[in-house]
Amino acid sequence: MTLAAPSTTHAVQSQSKDNALTVDNVYKQFGANDAPVIAVDHMSFDVRQGEFVTVIGPSGCGKSTLFSIIGGLMGDYQGQVRVGNEPINGPHPAVGMVFQEESTFPWRNVIENVAFPLELNGIGKAERHERAQHFINMVGLAGFEKRLPSELSGGMRQRVSIARTLVSQPKILLMDEPFAALDEQTRLLLGDKITQIQQELNQTTLLITHNLTEAVQLSDRIVVMTYRPGRVKRIIDIDLPRPRTSDVVSSAAFGKYVAEIWGDLREEASRGMADSESHAVKDAARG
Amino acid sequence: MAKSLYIGPYGRWLPIAFGAMTVLGAFVLLEILLRVGVINRYIVPLPSEVLLSLPRIIVEEKVLARCRETAFEMLISSAAVIAIGVPIGVALYRYKALRNALEDWFAALAAAPIVLAFPLFLVMFGRSATTIIVMSVVSGVAPIILKTTEGLVATRPVLLNVGKSLKMTQSQMFWKILLPSALPLIFTGIRLGWTFVLISVVGTEFLINLGGLGQLINDLAERYDMPGTYAAIGFVILVSILFFISLERVEQWLGRRT
Amino acid sequence: MSSTITSWGDKNPARLRTTNLIRIGFAIVLLIGWEAISRSGIFLRDVVPSLGPIALAIFKLVQNPVFYANLQATAFEIAMALGIGSALGIACGIIIGSRPFLSAAFEPYIYYMAPTPRIIFFPVMIMWFGVGVASKIALGAMSCFFVVALATADGMRQIDRVLIRVGRSFRATSLQMAFKIYLPAMRIPVLNGIRLGFGTAVVTALLAETKLSNQGLGFMVMQTYSRFDMPSLYGLLIIIFIIAGLGNAVLGRFANTAHHS
C-alpha cells in the first residue's frame, strides 16, 4: 500500500518508475467540432504497481469512455495512455478488462468461459483447463465448472467474467462497474472477494464506478471525476487498514470518507440530473 | 425477419439507389459478357432480348390473364389458410390438452412436403383449379397454426394480470390483449404458410401443365423460348412480391390499430 | 415451428393419460374415416385404397433396394443443397449484417426473393446444370440461400455488443472472432434459418425430381403413379413425409439444445 501522494491534487502525477499505468492528459470529444460533447477533458492520473485505484463520477460523466480508451477499444483521442513506459495503441495484452454488462458466453460452460483467452493463444486443452481451474477456485466457483451461465446467478456470472480476465494474467485489471447489476448485499460480499484476490495476487487494479460504498471499501486511492466535461476533480487517499473486509463499512473512518467524497460528488451528480431532465423536456417538446 | 430501418449517415435514399444501381449494373454486365461471348447465348438470353420479349408474351401468351388466374388461386388459398389456421391455433391455445396431444402432429404436417402428393390430388379432384387450391391449403396451413399458438402462449403473463385486474371478460382479453400481443408471430406464420402456398400453386401449375403462369413457363421452356421463359419467371416473381408487400401493409396497418 | 410443449417429458400421469387418449382418439377417427371413405365408393375405386394394402405396400417398400437407391440420391441432393446454400447464405449474411449500408442496399431484394417459389427456375437450371442431380442441388441451394442469408443478417444485428468487445479486449483475430464469437452467438437464428431452408429445399428438389429426372424419391413417386399402383404411392408418400419430419425434427433439436445453452 502506498501513501506517497499528497491527499488532494489536480496536478499531473510525477512519472515514477513503479507506475503500472499512466493516464496522461487524455482528451476525448464526440460530435461535430462546432457543438462538441467533451467526454474526457485532459485527465491525468496514474496507478502504481499493486495499487487499487477507483475512478468515481456521476452517471454520464464520461467514465465509460475513459474505460474504453484505457482498454484500447476506443481510438481517436488526444493525450496518451501508457502501460509502464509504453503508449497503448489498441487493446494491450497487459490490460485485462471486466465489463459492466453481462459478458459471459452463454454457449460455453464455466470452465470453457474462463479458459477462453488461453484458447485464443492456442494453449492445449489440458493446460488451459488446469490454469482456468486455479482461477475458478480463486473466485469461489469450484464445483460449478460444467454449469452454463444460464444456470448461475448474476453474481456468479460476474465472477466468471472476472476469472476469465484474471486467467490471462494481466498486469493491470481494469473493471467498469462490474457489480452494477447486482443487489447491495451481493455487492458487499463480492467486494470482499475482490479485495482478497487483489491482495493475494498483488494485482494492480483500476475500478470505474459510481458507487461510493464500493469505491471506499476497495480502494487505496480514489479519483473523483466532474460531470461534463469529465475532469479530475480531486484524488483522495483512502487510509483504511488492510486486510480490509466489508465490515469496514460500519467504521467511523469509512463514514467520514464517504461523506467527504459525496460532498465532492453531490454538486456534479445534481448537475448531471438537471442536464438529463432538461434533455427529457426538450425531447418531449420535440414530440 | 424484420427489415432494417436503417437511416444512417448516408440518408435513406443513397443505399437504396446503390442497391438498385448494383442490380442494374449486374444486368448490364451480363449483357456485355453475353455479347462478347464469355457466356453462352444459347444458355442465357440477353437481358435486352428478355425485355423485348415482354410485348410478345403479353399479347400472344396472354400473360396478364394468366397472372390473374395464378393470383386468383393464390388469393383463395392464402385467405383459406388464414381462415382455417388461425382459429385452429387459437383452439390449441385455449385447450391445453389438445395442444399437448396435437402440436407435434401439426409440426410433422408442416415439415411434410405435401405438394409431392399432387398425383393423388389429381385423381381425387381432377385437373382443375380446385385441386391446386386444396393442395395449397393443406401445404400452407400448418405453420400458421403453430405460430398462432406459439404467439398466444408467449403473451407476457403481466399483461394477462393487467387484464384480470381490470376484470376484463374472456372475449375482451382475447381481442384486446392476447391477439395484439400474438400478432407479430401470427404474421411470421402467415409469411411461412404463404411461402408454401406459392410453391404449391406455381409448382403444380408448372408440373401438371395446368392454368396460369406455371404452365406458361413450362410451355415456353418446352418451345425453347429462353427470353420468354425468363420474362415469365419475372412475372411469377412480380406476383409473389406483390403478395408479400400487401401482407406487410396489412401487418403495418393492424399494428398501428392495435 | 418449435413445439415448446411436448408430452414426452410430462411428469403428471393424469395429464399424460389425457394427451395419449386424445392422440389415440384422433388416430382412430382418422383411420376409421379413411376406411369408410375407401369402402363408400365416393371416389374412383383404388383412389382411396383400404388400410391393409397400404400397410402391406409400406412393408414391401422398406425391403426394396430400389427404394434405398432412390432415397440415397435424394438425400445426397438435399445434403449438398443445404451445405452449399447455407454456407453461401451465412457468408453473405455476415457481410450484409455487419454493414448497415449494404443491409439497406441489398436486404430488401433478399427479403422479397426469399419466399418466391424456386421451382419455376427449374427450366433455367436444366439449361445451366443439365438434367442430372446438379440442377436439383442448384434449386435446393437457391431455396436455402435466401432464408439463411436473411436469418444470419438478422442474427448479426442481435449479437450482444459486449461479447464483441470481450473478444476485442482479448485481441482475438478476425477468424477467431467469426468462429468463436459471431457464429456461436447467432447459432439459434442461423439454425432456425437452415431449418426453414431445409423445408423449402426438400419440397423444391422433390418437385424437380417429379418433373424431370431418372432417380430420387420424386422420380419414384412418378413411376408408381404411372403404374397407377395407389397403395404403393400412398406408402411411399407416407415414408417420405416421415423422413422429412425426422430431418426437420433433428434440425429443430439442434436449435433447441442451442437454446438451452
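Residues numbered from 1 in each chain as written. Chains lettered and ligands numbered in written order. Predicted model: local features only at pLDDT ≥ 70, side-chain atom pairs only at ≥ 80, totals over all residues.

### With respect to the domain arrangement of chain B
Consideration 1: Segmentation of chain B into domains returns domain 1 (1-44) and domain 2 (54-257).
Consideration 2: Between domain 1 of chain B and domain 2 of chain B, the C-alpha centre-to-centre distance is 30 Å. (Domains from an automatic or database assignment.)

### Overview of the interface of chain A and chain C
Consideration 1: The partner chain C presents 13 residues to the 15 residues of chain A that form the contact.
Consideration 2: A breakdown of the residues in the side of chain A that touches chain C according to their chemical character gives eleven nonpolar, three polar and one charged. (Contact = placed C-beta atoms within 7 Å. Nonpolar A, V, L, I, M, F, W, Y, C, P; charged D, E, K, R; others polar.)

### Examining the pairing of strand β8 (residues 204-209) of chain A
All names here are of chain A.
Consideration 1: Summarising burial for β8: six of the six residues are buried, a large majority.
Consideration 2: Neither face of β8 is left uncovered, since the one carrying Thr204, Leu206 and Ile208 and the one carrying Thr205, Leu207 and Thr209 both have all their residues buried.
Consideration 3: Of the pairings in the sheet, the one linking strand β3 (residues 52-56) to β8 comprises five bridges and is parallel in character. Residue pairing in the sheet places Val53 in a bridge with Leu206 of β8.
Consideration 4: As judged from the five bridges shared by strand β7 (residues 172-176) and β8, these two strands associate in the parallel manner. Residue pairing in the sheet places Leu174 in a bridge with Leu206 of β8. (Buried ≥ 20, exposed ≤ 12 C-beta atoms within 10 Å, placed from the backbone. Helix = DSSP H or I, 4+ residues; strand = E, 2+ residues; numbered from the N terminus. Pairing = 2+ DSSP bridges.)

### Quick look at the interface of chain C and chain B
Consideration 1: Taken together, the contact pairs 55 residues of chain C with 55 residues of chain B.
Consideration 2: Top element by residues in the side of chain C that touches chain B is helix α4 (residues 100-113) of chain C. It accounts for eleven residues.

### Things to note about the sheet that holds strand β9 (residues 221-225) of chain A
Residues and elements named next belong to chain A.
Consideration 1: Taken together, the six strands give an open sheet; going across it, the order is β6-β7-β8-β3-β9-β10, and neighbouring strands pair in mixed fashion. Edge positions in the sheet fall to β6 (95-98) and β10 (232-237), since each of these pairs with one other strand and no more. When strand polarity is set aside, the average angle formed by the axes of neighbouring strands in this sheet is 15 degrees.
Consideration 2: In the sheet, β9 pairs with β10 via five bridges, with the strands oriented antiparallel. Looking at the pairing, Val223 lines up with Ile235 of β10. (Axes fitted to C-alpha atoms, helices over the stretch in contact; angles between N-to-C directions.)

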